[in-house]
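Here's the letter readout for the chains.
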Amino acid sequence: CRFRKAGHCTMCNYGYGANVSAEEAISHIDRALDEHHEPVAELLLGTCGSILDEAEMPWTVLEKILRRLAQEELPTIILETHYTTITQQKLCRIRELLPKSEVVIELGFESANPKVLKESLKKYLDLDKLAQTMALIKQANMGVVLNAFLGAPKLSAREQIADTKAAVEWAVSHGADRVVVFPANIKPNTELWDMYQRGVYNRVSHWALIELLDQ
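Because the structure is predicted, anything quoted here is derived from the model rather than measured. (Residues numbered from 1 in each chain as written. Predicted model: local features only at pLDDT ≥ 70, side-chain atom pairs only at ≥ 80, totals over all residues. Heavy atoms only, no water.)

Draft legend 1. Seen up close, the sheet that holds strand 5 (residues 178–183). Read across the open sheet, the five strands follow the order 1-2-3-4-5; overall the sheet is parallel. For this open sheet the edge positions go to strand 1 (42–45) and strand 5, each flanked by a neighbour on one side alone. For this sheet the average axis-to-axis angle between neighbouring strands, irrespective of direction, equals 25 degrees. Across six bridges, strand 2 (residues 76–81) lies against strand 3 (residues 102–110) in parallel orientation. By the bridge assignment, E80 is partnered in strand 3 with E106. Across the sheet, helix 7 (residues 157–173) lies against strand 3, strand 4 (143–150) and strand 5, angled at about 170 degrees from strand 4, the strand it touches most. (Pairing = 2+ DSSP bridges. Helix = DSSP H or I, 4+ residues; strand = E, 2+ residues; numbered from the N terminus. Axes fitted to C-alpha atoms, helices over the stretch in contact; angles between N-to-C directions. Contact = heavy atoms within 4.5 Å.)

Draft legend 2. Here's a closer look at the nonpolar core. With 46 residues, the main nonpolar core has L107, L130 and L146 as its most contacted residues. Top contributing element to this core by residue count: helix 3 (residues 59–70), with six residues. Leave out the neighbours within four places in its chain, and L107 touches T81, H82, Y83, I86, L130, M134, I137, V144, V145, L146 and N147. Within the second largest apolar cluster, 17 residues are counted, among which are I161, I186, Y201 and L212. (Core = buried A, V, L, I, M, F, W, Y, C linked by side-chain atoms within 4.5 Å. Buried < 20%, exposed > 50% of the residue type's maximum accessible area, 1.4 Å probe, protein only.)

Draft legend 3. Quick look at unusual backbone geometry. Located in the positive-phi region is E73, a residue other than glycine, with phi close to 50 degrees. Checked against the element boundaries, E73 lands in the loop between helix 3 and strand 2. Here N189, not a glycine, exhibits a phi torsion of approximately 65 degrees, which is positive. Among the structural elements, N189 can be located in the loop between strand 5 and helix 8 (191–197).

Draft legend 4. Geometry of helix 4 (residues 88–97). By the burial criterion, the buried members of helix 4 are K90, L91, I94 and L97. The buried residues of helix 4 occupy an angular sector of 125 degrees when projected down its axis, which confines them to one face. Away from its buried face by more than 90 degrees, helix 4 exposes Q88, Q89 and E96. (Arc of directions from axis to C-beta.)

Draft legend 5. Broad picture of the environment of R2. When you line up the elements, R2 lands in helix 1 (residues 2–5). Take R2: its relative accessible area is 42%, and that puts it in the partly exposed class.

Draft legend 6. Up close: the environment of V104. Looking at where V104 falls in the secondary structure, it is placed in strand 3. For the pair V104 and E42, spaced 62 residues apart in the sequence, the C-alpha separation amounts to 10.0 Å. Contact partners of V104, with chain neighbours within four places excluded, come to T76, I77, I78, L79, G143, V144, V145 and R178.

Draft legend 7. Region of interest: the pairing of strand 5. In the sheet, strand 4 pairs with strand 5 via six bridges, with the strands oriented parallel. Bridging across to strand 5, A148 finds its partner in V181. As for the winding sense of the linkage, the β-α-β connection from strand 4 through helix 7 to strand 5 is right-handed. (Right-handed = clockwise from strand over helix to strand, strands pointing away.)

Structure, rendered in structure tokens:
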């Protein structure tokens, strides 16, 4: 992920690896589908960051993957990517390649508060441009999922819940079909891990998620 490489995202520990060939990727997909005995209703495709970033997933490889999946006529296919990797041309091509599946684009978002994004999560995101990108996805007759983060550092437990609640409300008001809430997972090799080890960050209580959902 180029954002991880640049030092963004307090909570992220995405690594890196060699790009897979189309043949390797399709082989993995075939094995996963074969091992799943129940009908597959939903399949999520992702990389270590953004599947529509050609540095992570060459477009020629992604096209072959989508052509293979089109043969399965799966009800829903989700592509996880950064909002800056999306163009109208890419969306139109994906729609052409998957004519019989619902296509959903899942985007990192985390918070609707610019201060929390910048100072707490080190995620540099233009909310106006994100909203424009969401509208572009909807115009392409695709669904939008936004990921919201629960447990931002430098906030109290009450502020963390309020921040995530505001993020969910922002997402829904701007046309998100779904919101995925991620309670903080403290992963090694992240700034969040370092903060936890130094005693300046506390684990998120499961009750925070229950309180959020209740609200």
